[in-house]
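Given next are the chains, with one letter for each unit.
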Amino acid sequence: MAVFLVSGSVGSYFYTQATKSLMKSLRSRLQNSATLLAHSIDAAGLEQIRGPEDVAQPVYQESLDLLRRLRRSNPDVAFLYIMRLDKDVPIFVVDSDETDAQALPGQVYEDMPPTMKLGFFEPSVNDQLYQDEWGTFLSGYAPLRNGAGRYLIGIDMDAQEVAAKLHELKLTALISLLASILLALFFAHLLSQGLADRIVDL
């Protein structure tokens, strides 16, 4: 029981710390990736993309192709997108979604989280999972080069990917706890056997 309690307490502490470290690592990765991509995209050329009728423009096609190639090279990233802040309202410019749910240029994004608003001016990332009409995500943002606080790039990591990483960590913790229990039972058996032999001798 003593070994079980000690190993359980220590294991719980390290699991909690590992979970916090994993979330911090994911948030840092999203923020750094968004910052890196933001420096590679010049917002000046995106001004002419205003509505669905502009999807045939070369600048839109080039930006869309870039975002989709970047998304495909990162399997745990669900979406990449560029937004414009127009009168304090976030509007889609380019969205990497390849389904019918793709946001077209000019589409308003409802319920802007504070971290996204901050992302138009400096790199930021959600403190926790955020849900919208496309799903539940952990997202990072960064302002585009020459965007003057009006353009950002966003990166969404699907909640299922985050959950999968946490599940792996939880599974490891449970295996460690099980090993501790087996070890405790083994030593308990040895200890009890030794005491029993002495009692029999007595």
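In what follows, the structure referred to is the one given above.
Only a predicted model underlies this, so the values are computations on that prediction, with no experimental measurement involved.

Criteria and cut-off values
- Residues numbered from 1 in each chain as written.
- Predicted model: local features only at pLDDT ≥ 70, side-chain atom pairs only at ≥ 80, totals over all residues.
- Heavy atoms only, no water.
- Helix = DSSP H or I, 4+ residues; strand = E, 2+ residues; numbered from the N terminus.
- Buried < 20%, exposed > 50% of the residue type's maximum accessible area, 1.4 Å probe, protein only.
- Polar contact = N/O pair within 3.5 Å; in protein donor to acceptor, adjacent residues only side chain to side chain.
- Phe/Tyr/Trp six-rings, centres within 6.5 Å; stacked < 30°, edge-to-face > 60°.
- Patch = residues over 30% accessible without salt bridge, like charges linked within 9 Å, V, L, I, M, F, W, Y side chains within 5 Å.
- Areas by Shrake-Rupley, 256 points an atom, 1.4 Å probe, with all protein chains shown as cover.
- Salt bridge = Lys/Arg side-chain N within 4 Å of Asp/Glu carboxyl O.

As a further point, take the side chain of Asp-76. Examined against the element boundaries, Asp-76 turns out to sit in the loop between helix H2 (58-72) and strand S1 (77-86). You can call Asp-76 buried: its relative accessible area is 11%. A polar side-chain atom of Asp-76 sits 2.4 Å from a polar atom in the side chain of Arg-29.

On to the packing of aromatic side chains. Throughout the structure, instances matching the rule amount to five aromatic pairs. Measuring from centroid to centroid gives 6.1 Å for Tyr-81 and Phe-92, while their planes differ by 70 degrees, and the two rings are edge-to-face. Taken as a pair, Tyr-81 in strand S1 and Phe-92 in strand S2 (residues 89-95) lie far apart in primary sequence, eleven residues in all. Comparing Tyr-81 with Phe-92, the two get one shared label, buried. Seen in terms of ring centroids, Phe-92 and Trp-134 are 5.5 Å apart; in terms of plane orientation they differ by 65 degrees. Their pairing is edge-to-face. Here Phe-92, found in strand S2, pairs with Trp-134, found in the loop between strand S4 (130-132) and strand S5 (135-143); they are 42 residues apart in sequence, far enough to count as distant. Across the pair, Trp-134 and Phe-92 agree in class, each one buried. Every member of this aromatic cluster is reached through a ring pair, and the members are Tyr-81, Phe-92, Tyr-109 and Trp-134.

With that settled, the discussion passes to a nonpolar patch on the surface. Nonpolar side chains collect at one region of the surface, where Leu-183, Phe-186, Phe-187 and Leu-190 lie side by side and expose about 400 Å² of accessible area between them. Along the chain, Phe-186 falls in helix H4 (residues 159-201). In this structure Phe-186 comes out as partly exposed when scored by relative accessible area, which is 46%.

Enumeration according to the criterion identifies nine salt bridges in this entry. Across the pair Asp-42 and Arg-145 runs a salt bridge, and its minimum N-O distance is 3.8 Å. With a gap of 103 residues between them, Asp-42 in the loop between helix H1 (2-39) and H2 and Arg-145 in the loop between S5 and strand S6 (151-158) connect regions that are remote in the sequence. Across the salt bridge formed by Glu-98 and Arg-72, the nearest N and O atoms sit 2.9 Å from each other. With a gap of 26 residues between them, Glu-98 in the loop between S2 and helix H3 (114-119) and Arg-72 in helix H2 connect regions that are remote in the sequence. Classification of Glu-98 as partly exposed rests on a relative accessible area of 39%. Salt bridges sharing partners connect three or more residues here, namely Glu-47, Arg-50 and Arg-150.

Nothing here speaks to function; it is all geometry.
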